[in-house]
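Tertiary structure, described
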Amino acid sequence: MSWLRPLLLGRLVRLAWLLPLAAIGLFTLISLAPIDPVQAYVGDRTSLVGPEQREAIAAAWGLDRPATERFGHWLGDVLRGDLGRSLTYDMPVAEVIARRFPASLVLIAGAFAVSFVVGTTLGIAAAAARGGPADRIIRTLAVALSASPGFWIAILLIALFAVGLGWLPSCCAAPPGLTAGEAGWSDRARHLVLPVATLSVVGTAPLILHTRQRLVAFLDSPAALHLRAHGLSWQRIAFGAGLRHALGPALTLHLAGAGELFGGSVLAETVFAWPGLGQATVRAATGADAPLLMGIGLTTLLFVFCGNLLADIAARLADPRLRQGPA
Amino acid sequence: MTALEILSRGPGGTRGGRHPLWRGAGAAGLVLLILAAAALMPEPWLDVNAQAVGRAPGPAHALGTDSLGRDVAARTLAALAMSVKIGLLAATASTAIALILGLAAALGRVADHVVGVLTELVLGLPHFVLLIMVAFATGAGATGVIFAVALTHWPRLARVLRHEAQTVAASDYVATSRALGRSRPWIARHHLAPHLLPQVVAGFVLIFPHAILHEAGLSFIGLGIEPHLPSIGVMLSDSLREIVAGHWWVAAAPGAGLVIVALSFERFGEVLRAATAPPEGTP
């Protein structure tokens, strides 16, 4: 594992310059917003809050000071581990993220596993039947999936399985009146099915097409021809030697795209009222909750970073030739 | 028309696929049809009608009506026209950004580093989270969507254009051309442009479906097009309340319309990519 240390070091160096730049970028973006945070906070209570109180709120949040000073202040707090206080949830940002991220991670992990299995299986099946009707159907499906909004598929799934057939719940992480902790395992699993299915759509299509392309190249290679000459069927070759050939790169691609699953979960959580960080992102953006948005921005940046790092490690585990190269 | 001519001369029709020109005509025709039909549609078709609330698809309303008695087909058409307009605008802007940044990166070392850092930053967040941030920063609404989509879709195309421009600039025939005394603008016009144009067209076509899908997503969560205007995202967001009552048609038509438009461009982009892709190896 001598290749692991330089890789980790290189990535940490990159994170060391990426994170501050991203923080500046995010802070600039959020300060640009024309929405007045005081007005967003006051909301419906406009008639109850006078101009002096507004000024007091603005002063309490430090809004009367210049942006650079506010940034310095915010950065100092972040370095001490204080991400500020969320306006919409009225608790520390770190706590909102710590409470809600696990729920999102459950969705993301489920969707990651499902789309990996479905994507690689369909990709290999398509390659094994290349040129045939099965190949054409799978490829059409993949292209159609990549052109479909995930949240629309979610709504159709609800219409079919929750409303039409009544098999699965259409909302939330637990039955009404219970928190996720109180609900039994079977209940929680039932609530997971549709959100996970929705989120799986995001990562499946590229995986199908990538796996298929890679495997077609393998099946045209002398190695595959050799196996064929020994009497193995294309299906056996594809799901035997071909599977081992395609799995590593597929995992690398899938891990590198894992960050996008969080983007998908924003929409999936909105549709299913899933109590995760994606839902909090929407509430933060529509409620002008700048501290929470900053916190979510930095969290998702780290999430994408981890996905890419794991992808780099997976690529080197799968292909020893990469271990020689520069990190 | 030069772009189409260049494209039509490319190694199109891969593996029995149709010629790029046909798919391009299909996609462009679909967009023109939507824009024309929405412009010609009589205004009253979009009106609220208390007499026809929540009707299933039938002879009077081919795709049914919603909970306010509005015709779903007419609303879908108006919303698609809105999607297409915003998508074209945002995809054009994003392509322009990609062209500027890609060329800058290819021509200067400092610019190359700056563009590299910008790319890392844009790709450092999940795409949809970045869209939310930019839409929030620009005050949501239609303007916010256009900014969000335009400012986040350029990295892939910029990278392709940078690679392409560097390859051409380092080629022997450009060196020969320089030695023969051709000016930089002449080289840009006669050597660079013919190589970049197909890539720009393909990049635009591939950005467009993402642009309209992301616009719908932003409108769906309430950060996109204002709710009083017809848009696919807002229609689908409204439909969430209606499908519980079994009104599936309120959700089916807008989404299907969006998928058809996105798919026609995705498939056009697919053949364009195959036609313009450098041979094996480079991503």
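The rules we used
- Residues numbered from 1 in each chain as written.
- Chains lettered and ligands numbered in written order.
- Predicted model: local features only at pLDDT ≥ 70, side-chain atom pairs only at ≥ 80, totals over all residues.
- Heavy atoms only, no water.
- UniProt positions renumbered as here; feature names shortened; annotations may be inferred.
- Helix = DSSP H or I, 4+ residues; strand = E, 2+ residues; numbered from the N terminus.
- Buried < 20%, exposed > 50% of the residue type's maximum accessible area, 1.4 Å probe, protein only.
- Contact = heavy atoms within 4.5 Å.
- Areas by Shrake-Rupley, 256 points an atom, 1.4 Å probe, with all protein chains shown as cover.
- Lys, Arg positive; Asp, Glu negative; His and termini not counted.
- Charge placed at Lys NZ, Arg CZ, Asp CG, Glu CD.
- Phe/Tyr/Trp six-rings, centres within 6.5 Å; stacked < 30°, edge-to-face > 60°.
- Buried area = accessible area lost by both parts, 1.4 Å probe.
- Salt bridge = Lys/Arg side-chain N within 4 Å of Asp/Glu carboxyl O.
- Polar contact = N/O pair within 3.5 Å; in protein donor to acceptor, adjacent residues only side chain to side chain.
- Nonpolar A, V, L, I, M, F, W, Y, C, P; charged D, E, K, R; others polar.
- Axes fitted to C-alpha atoms, helices over the stretch in contact; angles between N-to-C directions.
- Parallel < 35°, antiparallel > 145°, perpendicular 65-115°, else oblique.
- Left-handed = near helix turned anticlockwise from the far one by under 90°.
- pLDDT = per-residue confidence, 0-100.

By the naming in an unreviewed UniProt entry, chain B goes by Peptide/nickel transport system permease protein and is assigned to Tranquillimonas rosea. Within the UniProt record for chain B, the comment given under Sequence similarities (unreviewed entry) is "Belongs to the binding-protein-dependent transport system permease family." Check the Subcellular location (unreviewed entry) section of the UniProt entry for chain B; it says "Cell membrane".

Looking at an unreviewed UniProt entry, one finds chain A named Peptide/nickel transport system permease protein, with Tranquillimonas rosea as its source organism. According to the UniProt record, the Sequence similarities (unreviewed entry) comment for chain A is "Belongs to the binding-protein-dependent transport system permease family."

Quick notes on the overall build of chain B
The helix and strand tally for chain B stands at 11 helices and zero strands. Each helix and strand of chain B, ordered N terminal to C terminal, gives the series α-α-α-α-α-α-α-α-α-α-α. A total of 283 residues make up chain B; the buried ones form 48% of that total. In chain B, 71% of the contacts between residues at least 6 apart in sequence involve partners at least 24 apart.

Section: the overall build of chain A
Within chain A one finds 14 helices and two strands. In chain A, which comprises 327 residues, the share counted as buried stands at 44%. Partitioning the contacts of chain A with sequence separation of at least 6, the portion at a separation of at least 24 is 70%. Of the roughly 15800 Å² of accessible surface on chain A, 66% is carried by carbon and sulfur atoms. Side-chain charges of chain A comprise 25 positive and 19 negative groups, with the mean position of each set lying 17 Å from the other.

Description of the packing of aromatic side chains
For the coordinates displayed, the defined rule picks out five aromatic pairs over all chains. Considering the side-chain rings of Phe208(B) and Phe265(B), the 4.3 Å spacing of their centres and the 45° angle between planes classify their relative orientation as tilted. One end of the pair, Phe208(B), is in helix 9 (residues 184-220); the other, Phe265(B), is in helix 11 (residues 249-276), and 57 residues separate them in sequence. Given the relative accessible area of 7%, Phe265(B) is considered buried. Through successive ring pairs, a cluster of aromatic residues spans Phe101(A), Phe262(A) and Phe303(A).

Some words on the interface of chain A and chain B
Contacts between chain A and chain B engage 44 residues on the former and 43 residues on the latter. Area buried by chain A at its contact with chain B is led by Phe151(A), Trp152(A) and Ile155(A), which between them contribute 15% of it. The tally of links between chain A and chain B comes to one salt bridge. Note that Arg14(A) and Glu120(B) form a salt bridge whose closest N and O atoms lie 3.4 Å from each other. Here chain A is connected to chain B by three residue pairs in polar contact (both at pLDDT 80 or more). Mapped onto the side of chain A that touches chain B, the elements with two or more residues apiece are helix 1 (4-32), helix 6 (133-146), helix 7 (150-164), helix 12 (258-272), helix 13 (277-286) and helix 14 (290-318) of chain A. Here the side of chain A that touches chain B gets nine residues from one element, more than from any other, and that element is helix 1 of chain A. Class assignment of the residues belonging to the side of chain A that touches chain B gives a composition of 32 nonpolar, nine polar and three charged.

Digging into the packing of helix 1 of chain A against helix 5 (residues 127-137) of chain B
Between helix 1 of chain A and helix 5 of chain B, whose axes approach to 7 Å, the crossing angle comes to 40°. Relative to helix 5 of chain B, helix 1 of chain A is oriented oblique. Contacts between helix 1 of chain A and helix 5 of chain B pair Leu26(A), Leu29(A), Ile30(A) and Leu32(A) from the former with Met133(B), Val134(B), Phe136(B) and Ala137(B) from the latter. Grouping the amino acids of the contact of helix 1 of chain A with helix 5 of chain B by side-chain chemistry returns eight nonpolar, no polar and no charged.

Remarks on the UniProt feature "transmembrane region" (unreviewed entry) in chain B
Look at the UniProt record and you will see "transmembrane region" (unreviewed entry) annotated at residues 20-41, 86-108, 128-152, 192-213 and 246-265 of chain B. Taken end to end, residues 192-213 of chain B has its terminal C-alpha atoms 32 Å apart, with 100% of it in helix and 0% in strand.

Quick look at the packing of helix 5 of chain B against helix 9 of chain B
Residue and element names in this part refer to chain B. Relative to each other, helix 5 and helix 9 sit at 65°, their axes nearing to 11 Å. Classified by chirality, the crossing of helix 9 by helix 5 is right-handed. Facing helix 5, whose interface residues are His127, Phe128, Leu131, Ile132 and Ala135, helix 9 presents His214, Gly217 and Leu218. Considering only residue class, the contact of helix 5 with helix 9 consists of five nonpolar, three polar and no charged.

Quick word on the pattern of salt bridges
For the coordinates displayed, the defined rule picks out eight salt bridges over all chains. Between Arg162(B) and Asp112(B) there is a salt bridge; the shortest N-O distance is 2.9 Å. Residue Arg162(B) is located in helix 7 (residues 155-169), and its partner Asp112(B) is located in helix 4 (residues 109-124); the two are separated by 50 residues in the primary sequence. Taken together, the shared-partner salt bridges in this structure form one network comprising Asp135(A), Arg139(A) and Arg212(A).

Topic: the UniProt feature "domain: ABC transmembrane type-1" (unreviewed entry) in chain B
The feature "domain: ABC transmembrane type-1" (unreviewed entry), as given by UniProt, occupies residues 80-269 of chain B in the numbering adopted here. Secondary structure over residues 80-269 of chain B splits into 84% helix and 0% strand, and the C-alpha atoms at its two ends are 20 Å apart.

With respect to the confidence of the model for chain B
All names here are of chain B. For chain B, per-residue confidence averages 81 on the pLDDT scale, and residues scoring 70 or more make up 89% of the total. Within chain B, helix 5 carries the highest mean pLDDT (90), whereas helix 1 (residues 2-9) carries the lowest (42). Considering only residues more than four positions removed or in separate chains, one finds that residues 1-16, a stretch of pLDDT under 50, has 20 contacts. The ipTM value of the predicted complex is 0.84, and its pTM value is 0.84.

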